[in-house]
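Structural features, examined
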Amino acid sequence: MVNPNDIVFDGWDISSMNIGDAMHRAKVLDYHLQQTLHPYMKNMKPRQAIFDGDFVAANQKDRADNVLHGTKWEQVETVRSNIREFKANSGVDVVIVVWTANTERFCDIRPGIHDTAENLLKAIHNNHREISPSTMYAVASALEGCSFINGSPQNTLVPGLVELATENGVFVGGDDFKSGQTKLKSVLVDFLVSAGIKPRSIVSYNHLGNNDGLNLSAPSQFKSKEESKKGVVEDIVSSNSLLYQRGETPDHCIVIKYVPYVGDSKRAMDEYVSEIAMGGSNIIVIHNTCEDSLLASPLILDLVVLAELMQRVHIRATESFESFHAVLSILGYLLKAPVVPEGAPVVNPLFRQRAAIENLLRALVGLPALNHMDLEHRLRTQGKVKPGDQSSGVSSDEELHQEL
């Protein structure tokens, strides 16, 4: 894997503030750490960014003093030029683009606009209003042979983009960094449903005071985030047909409020009300203070490291080797609303997502997958039979599988 210390950063921002001053404005890091870092960051300045006020809250326009102008295609071409320039000047081998910017509203996906790569490129040339800035960055990335990861909840990865990524041999991944409340929810709901406890009501309340919270105070941007946060329980609920009838789901309410004073220290409060045996009820209430940016930042590094590794992996599924699907679903462990190839199941339980990564990495180094059956430790001969002992008839997890 790539050493995170070897990653070189560059990027775009609608605000012209240098990274050192932006760090002061965000008030995330300890003051003394800010003072130590500022001399190293003050000369780092973002490139001019694509900005469309129709896709973000109106309150973001005050920051937008560093934006690209021209047609949508001209802006895509500028981003492509920026990527080429960065790669040449930095000397890096691989460029991966990650959307860490504000949540956009959902774009209205339309036939003839977003459905194929050809139509998507044509729509950008025609300056179509339903092509979002995040999709424009993703298109520029694909055309430059760079993988793209969407760290926000909007529907950036439209069908035409997936086709374009496939044509150019790159990956797209998304959606929305999974760092705090939703990560905990994916674990807790999986535990409850697996234990035969039936969640009937899930209410998740958040308030935060950073710029993300300010942007999410607008209804259309909140809607994108609401959909991302709600989706995490769907496949977990549908996995237990004894608890839930077809189409039955818990009442699930998401609330996000903007409270400037708390800054980046997001407060997350959840109430889970579940049915248990003999008509009883179980209520779990959780208060979680999430340092929003500090929880999300390591995910960005992990996503880049994992995506870069997957670009070098080829698997012989039939007679020839092939790469992973353009929609890199293995990244779902780090994302709230995993985007998967068409027809593939969506997996949200956190430990199943982690097991998929772990077993894939084991396969890359020639080790069998872990299934945690540990049958050699559950027999009467436990402690007397060692894995690999030919007299036992059990030599490995792989042979266990074959024997059974």
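To start, this report covers the structure provided alongside it. The model shown is predicted, which means the values in this text are computed figures rather than measured ones.

**Quick notes on the sheet that holds strand S6 (residues 265-275)**
Pairing is mixed in the open sheet, where 4 strands are placed in the order S5-S4-S6-S7. Only two strands of the sheet have a single neighbouring strand rather than two, namely strand S5 (251-258) and strand S7 (281-291). Between one strand axis and the next, the sheet turns through 10° on average, direction left out of account. Here S6 pairs with S7 via 11 bridges, running antiparallel.

**Some words on the environment of Ala 64**
Structurally, Ala 64 can be placed in the loop between helix H2 (31-41) and helix H3 (72-90). A C-alpha to C-alpha distance of 20 Å links Ala 64 and Asn 127, two positions 63 residues apart in sequence. Apart from residues lying up to four places away in sequence, Ala 64 is in contact with Ile 14 and Phe 51.

**Some remarks on the sheet that holds strand S3 (residues 172-173)**
Spatially, S1-S2-S3 is the arrangement adopted by the 3 strands of the open sheet, whose pairing is parallel. Sheet topology places strand S1 (96-99) and S3 at the edges, where each strand pairs with a single neighbour. As defined by bridge partners, S1 adjoins strand S2 (residues 147-150) across 4 bridges and the pair is classed as parallel. The residue bridging Ile 96 from the neighbouring strand is Ser 147, located in S2. Taken strand by strand, helix H11 (residues 292-311) contacts S1 and S2, and its axis lies near 145° from that of S1.

**Topic: the pairing of strand S4 (residues 198-208)**
Of all the 11 residues making up S4, 8 are buried; the element is thus mostly covered by neighbouring parts of the structure. With 9 bridges connecting them, S4 and S6 associate as antiparallel partners. Of the residues in S6, the one forming a bridge with Pro 199 is Ser 274.

**Topic: the packing of aromatic side chains**
To describe a pair of aromatic rings, one takes the distance between the centres and the angle between the planes. With the rule as written, the count across this model stands at 2 aromatic pairs. Considering the side-chain rings of Trp 12 and Tyr 137, the 5.0 Å spacing of their centres and the 55° angle between planes classify their relative orientation as tilted. Of this pair, Trp 12 sits in the segment before helix H1 (19-26) while Tyr 137 sits in helix H5 (residues 133-143), and the two are 125 residues apart along the sequence. By relative accessible area, Trp 12 is classed as partly exposed at 24%. Relative accessible area serves as the criterion here: at 5%, Tyr 137 is assigned to the buried category. Taken together through their ring pairs, the aromatic side chains of Trp 12, Trp 99 and Tyr 137 make up a single cluster. It is Lys 198 that lies over the ring of Tyr 244; its NZ or CZ is 5.3 Å from the centre.

Conventions used here
Residues numbered from 1 in each chain as written. Predicted model: local features only at pLDDT ≥ 70, side-chain atom pairs only at ≥ 80, totals over all residues. Heavy atoms only, no water. Pairing = 2+ DSSP bridges. Helix = DSSP H or I, 4+ residues; strand = E, 2+ residues; numbered from the N terminus. Axes fitted to C-alpha atoms, helices over the stretch in contact; angles between N-to-C directions. Contact = heavy atoms within 4.5 Å. Buried < 20%, exposed > 50% of the residue type's maximum accessible area, 1.4 Å probe, protein only. Phe/Tyr/Trp six-rings, centres within 6.5 Å; stacked < 30°, edge-to-face > 60°. Lys NZ or Arg CZ within 6 Å of the ring centre and 35° of its normal.

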